[in-house]
Amino acid sequence: MTVDIDKTTGPEGTPPAGPEAIKAIPVRHYGRYVSAVIAIAILISIIYAFGQGKINWHAVPDYFFDDRILTGVGKTLLLTVLSMLIGIVGGVLLAVMRLSKNPVTSSIAWFYIWFFRGTPVLVQLIIWFNLGLVFEYINLGPIYKDYWSSFMTPLLTALLGLGLNEAAYMAEICRAGLLSVDEGQTEASHALGMSHNKTLRRIVIPQAMRVIVPPTGNEVINMLKTTSLVSVVQYPELFRYAQDIGQTSGAPVEMLFLAAAWYLIMTSVLSIGQYYVERYYARGSSRSLPATPFQKIKANMLSLGRPKGGTA
């Protein structure tokens, strides 16, 4: 007597057991542990060396909120904002000129970018400050007339030196952003009857912002640090005030560390703002936006309260 065994069922007609669960054993990366230990050891040794150095660290908190330091912080931020406004407006105009089909306009834009990107900012600042050797006075007819030395104040020198130099870099950033937009977008808008300016304003620039914003954020942070150069043209900002306090207090090096701490605070705040601006303009290019730092922290905190291998 032959008995056919149904292999689709288990004993006494019960369904067969499923495949055995695979236990995934993670690969141990011992190199990561070794490199982490080495990095921590180097960091501890650097901190120890600074702690044992002949530096009066108590002078840093004593002057951290000094009125002159806070005034310098305010002037640094003001100079950063105004210089970036000049740079962004000038950069957009130069980018449009560079992409123009008019050879004269595009050549002028190319020469401007070539000159200002090819010379150091410090040199440009000193040149602006000493142009009185070329132009003895400035004459705008009935509007304004004065000697160049009186007209070119330290603030105006700083704005021209930083803003016009930044315009050259922003021109290339804006040009790259405009070229990143597909030409079909422009053709479609023209087919709908939009003018060139309206197409640029409503179609091209909003899509180009996704490419323009990240490097522009980097330029803002770089501009904030570059403002320290304007001390050579006698404009008082954070670095200049820190130097003055260092000379009068007998702690010049300590005041440099104080200025560095304030620059780190300001650049950190700007970096956070840059992250959220980039996230805002990434809405049209990504189905799901990346989690913000606060969302990541919240998710990690919630995951700690969940039972291992289960759900909360």
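Just above, that's the structure.
This report concerns the structure included in the present document. (Residues numbered from 1 in each chain as written. Predicted model: local features only at pLDDT ≥ 70, side-chain atom pairs only at ≥ 80, totals over all residues. Heavy atoms only, no water.)

## As for the pattern of salt bridges
What the rule picks out here adds up to four salt bridges. With a closest N to O distance of 3.1 Å, Asp-66 and Arg-68 form a salt bridge. A relative accessible area of 36% places Arg-68 in the partly exposed class. Among the ionic contacts, a cluster of salt bridges with common partners joins Arg-98, Glu-172 and Arg-175. (Salt bridge = Lys/Arg side-chain N within 4 Å of Asp/Glu carboxyl O. Buried < 20%, exposed > 50% of the residue type's maximum accessible area, 1.4 Å probe, protein only.)

## Quick notes on the side chain of Thr-76
By the secondary structure assignment, Thr-76 is in helix H3 (residues 67-98). When residues no more than four places from it in sequence are discounted, the contact partners of Thr-76 are Leu-224, Thr-227, Glu-237, Leu-238, Tyr-263 and Met-266. (Helix = DSSP H or I, 4+ residues; strand = E, 2+ residues; numbered from the N terminus. Contact = heavy atoms within 4.5 Å.)

## A closer look at the environment of Asn-218
For Asn-218, the location among the structural elements is in helix H9 (residues 196-226). Here the side chain of Asn-218 touches Gln-274 through a polar contact of 3.4 Å, side chain to side chain. (Polar contact = N/O pair within 3.5 Å; in protein donor to acceptor, adjacent residues only side chain to side chain.)

## Brief notes about the nonpolar core
Judged by nonpolar contacts, the single largest core of 21 residues is most densely connected at Leu-79, Leu-162, Leu-178 and Val-230. Here this core gets seven residues from one element, more than from any other, and that element is helix H7 (residues 154-179). Discounting chain neighbours no more than four positions away, the residues touching Leu-79 are Leu-155, Ala-158, Leu-159, Leu-162, Thr-227, Val-230 and Tyr-235. Counting residues in hydrophobic clusters, the runner-up holds 16 residues, among them Val-60, Phe-64, Ala-259 and Tyr-263. (Core = buried A, V, L, I, M, F, W, Y, C linked by side-chain atoms within 4.5 Å.)

## Regarding the packing of H3 against H9
Look at H3 against H9: their axes get within 11 Å of each other, and the N-to-C directions meet at 140°. It follows that H3 is oblique to H9 by the angle criterion. The hand of the H3/H9 crossing is right-handed. Of H9, the residues touching H3 (which contributes Thr-76, Leu-77, Thr-80, Ser-83, Met-84, Ile-88 and Val-96) are Leu-200, Thr-216, Glu-219, Val-220, Met-223 and Leu-224. In terms of residue class, the contact of H3 with H9 is made up of eight nonpolar, four polar and one charged. (Axes fitted to C-alpha atoms, helices over the stretch in contact; angles between N-to-C directions. Parallel < 35°, antiparallel > 145°, perpendicular 65-115°, else oblique. Left-handed = near helix turned anticlockwise from the far one by under 90°. Nonpolar A, V, L, I, M, F, W, Y, C, P; charged D, E, K, R; others polar.)

## Here's the deal with helix H11 (residues 252-281)
With 30 residues, H11 should cover 44 Å at 1.5 Å per step; its first-to-last C-alpha distance of 43 Å lies within 8% of that length. When we look at burial in H11, the residues that qualify are Glu-254, Met-255, Leu-258, Ala-259, Trp-262, Tyr-263, Met-266, Thr-267 and Gln-274. On its buried side, H11 packs onto helix H2 (59-63), H3, H9 and helix H10 (238-249). (Expected span 1.5 Å × (residues − 1).)

By themselves, these are just geometric observations and shouldn't be taken as functional.
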